[in-house]
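# Structural characterization, general
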Amino acid sequence: MVALTADVATTTARLRDGMAKGVLSFPLTSFTGERGEPGGPALDLPAFRDYLAAQIETGPGALFPACGTGEFFSLDEDEYRQVITASVREADGRLPVVAGIGYGWAQAARFARIAEEAGADAALVLPHYLVTAPQAGLVAQLRQIAARTRLPLIAYQRDQVTFGVESVRELAEIPGVIGLKDGHSDLDRLQRLKLAAPEDFLFFNGAATAEVQARPYASIGITAYSSAVHAFAPEIATAFFAAQRDGDDAAVERLLRGFYVPLVELRDRGTGYAVSLVKAAARLRGRPVGPVRAPLTDPGPDDLAALEELLAVGLDLVGATN
C-alpha cells in the first residue's frame, strides 16, 4: 500500500476551479511526418512542446496529456514519460496536469509511477483492456491502482466500463479517487451516480464532441466537459464554453447548428475519426501535430475537404480566422 503524500484536497480544489474556468484540454501528441521507427511516425517532442504552449495560452481549465485524443494507446513507456514531463514543464504550475493511464491495473500502476515521477498532479484511469467485468472487479481495478500511486485518480466510464450506484459510493471511499469522467451520456443513470457520491466528488462530461451534450449534462449539475475541438480550434471551444456558462442560448444554438452537429456527422463517417479527424483539423490549421499512428489512419481527401470547409464556417461563427 502506497501512502498518499499528494495533497488530494488541494488537487481536487484546483481541478474544480479549473472546470469552472474553462474547457478541459486533451492535447494531441505530435509525431513526425515520416515513418521513423517500425511502430510508425516518431515522437516529435519539440513540436509537441510548441503545440502545448499554444494550447495552454488559450486558458483551458486543466491539461490531460496522453489520453485517448493524445493516442496513449500507441505510446511506449519512454515516449509516455517524455510527453508527461513536457506537459508538466509547459504548464509550469499554471493549471493542473492529469496524465492518462490505462490497460490492466498492473500496467496502469506502472504508467502512474512514471506520471508521478514526471510531476503530474493526477491521473485519468482509461477503460481497461478487452474484457468486460462485474462491478466488484471494476472497483477492485481502481483499488489496485490507488494502492500503488500517490496520484489522485479520476475514473473513466465508457465502452465496456459502466459503474453502478453502489460502485460509485465505493469508489468515493477509496483514498485518492476524486472523480468520474462519463462517456456514456446516460443521464438517468448519471444523475443517480452524482446523487450517490459525496458533494466534493468531481464529475465531468467526457462524451465524444462533448459540446453537443453540454446542455443536457448541465441540467443535472455537470457543467464541466472535455473538448476535442479545443485541440484544433480553441477559439471555437472557448466561445462555446463562454456562451454555455453565460446562458447565451442564441450563441449556443448558432454554434451547435452551424459547426458542432455537422462536425459530429462528419466524425461518424469514419472509424477512429474521434481522434484522426481532430488531428487532421489541427494540421489544416498549421499546428505541428503530424499524422496519427496505427491502428488509426488519417482521413481521406473527400473528408478532409469537408473538414476544411466546416472549420472555416466554425471560425467565422466566432469571428476568428485561420
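Along each chain, the written sequence defines residue order, and numbers are assigned to residues from 1. Only residues with pLDDT of 70 or above have their local features reported here, since the model is predicted, and side-chain atom pairs are shown and tallied only from 80 upward, although totals for entire chains, interfaces and linings are computed over all residues. Each side-chain value is derived from all of the structure's non-hydrogen atoms; neither hydrogens nor water enter the calculation.

Numbering of helices and strands starts at the N terminus; helices are DSSP runs of H or I of at least 4 residues and strands are runs of E of at least 2. A tally of helices and strands in the protein chain yields twelve helices and eight strands. In this setup the radius of gyration rests on C-alpha atoms only. A globule is expected at 2.2 Å times the number of residues raised to 0.38. In terms of overall dimensions, the protein chain is globule-like: its C-alpha atoms have a radius of gyration of 19 Å, near the 20 Å expected for 322 residues. Taken along its principal axes, the extent of the C-alpha atoms in the protein chain is 50 × 50 × 35 Å. Using a 1.4 Å probe on the protein chains alone, a residue whose accessible area is under 20% of its type maximum counts as buried, one over 50% counts as exposed, and one in between counts as partly exposed. Counting only residues that meet the buried cut, the protein chain has 52% of its 322 residues in that class. Across the protein chain, every contact between residues at least 6 apart in sequence was considered, and the portion connecting residues at least 24 apart equals 73%. Here, two residues are considered to be in contact whenever any of their heavy atoms come within 4.5 Å of each other.

This part takes up helix H12 (residues 301–317). Expected span, for any helix, means 1.5 Å times one less than how many residues it has. If you check H12, its first and last C-alpha atoms are 24 Å apart, about what 17 residues at 1.5 Å a residue would give, namely 24 Å. Here H12 has its buried residues at Asp303, Leu307, Leu310, Leu311, Gly314 and Leu315. Around the axis of H12, the buried residues are gathered within 135° of arc, so they sit on the same side. Across H12 from its buried face, at more than 90 degrees, point the exposed residues Pro301, Asp302, Glu309 and Asp316. In this structure, the buried residues of H12 make contact with helix H9 (234–246), helix H10 (249–267) and helix H11 (273–284). Positive phi appears at Gly319, one or two residues downstream of H12, with a value of about 70°. Think of the arc as the fan of directions from the helix axis to the C-beta atoms.

Looking now at a nonpolar patch on the surface. A cluster of nonpolar residues, Tyr129, Leu130 and Val131, forms a patch on the protein surface that exposes about 360 Å² of accessible area. Its location among the elements puts Leu130 in the loop between strand S4 (122–125) and helix H5 (135–146). On the basis of relative accessibility, which here comes to 64%, the residue Leu130 falls in the exposed class. Exposure above 30% relative accessible area and no salt bridge define the residues that can form patches, which grow by joining like charges within 9 Å and nonpolar side chains of Val, Leu, Ile, Met, Phe, Trp and Tyr within 5 Å. Accessibility throughout is a Shrake-Rupley quantity obtained with a 1.4 Å probe, and a residue counts as covered only by protein chains that appear here. By definition here, a salt bridge exists when the distance from a side-chain nitrogen of Lys or Arg to a carboxyl oxygen of Asp or Glu is within 4 Å.

Here the largest pocket is characterised by a volume of approximately 870 Å³. Around the largest pocket sit 36 residues that line it, and Gly68, Thr69, Phe73, Arg158 and Val275 are the ones nearest its centre. Put simply, the parts of the chain that give the lining of the largest pocket at least two residues each are strand S8 (226–227), H10 and H11. Here the lining of the largest pocket gets five residues from one element, more than from any other, and that element is H11. Gly is put with the polar residues, along with every residue not named as nonpolar or charged; the nonpolar set is Ala, Val, Leu, Ile, Met, Phe, Trp, Tyr, Cys and Pro, and the charged set is Asp, Glu, Lys and Arg. The residue makeup of the lining of the largest pocket, split by class, is 22 nonpolar, ten polar and four charged. Computed from the structure, the second largest pocket encloses a volume of approximately 290 Å³. Along the wall of the second largest pocket there are 14 residues; nearest its centre are Arg16, Lys194, Phe201, Phe203 and Gly221. Secondary-structure elements contributing two or more residues to the lining of the second largest pocket are helix H1 (8–21) and strand S7 (202–205). With three residues, H1 is the single largest residue contributor to the lining of the second largest pocket. Class assignment of the residues belonging to the lining of the second largest pocket gives a composition of nine nonpolar, two polar and three charged. Two kinds of site are reported from a 1 Å grid over the protein atoms alone, namely cavities, where a 1.4 Å probe fits but cannot get out, and pockets, open sets with protein on both sides within 12 Å along at least five of seven lines, and residues are called lining when an atom falls within 4 Å of a point. Grid points are joined across faces, edges and corners, and a volume is the space filled by probe spheres set on the points.

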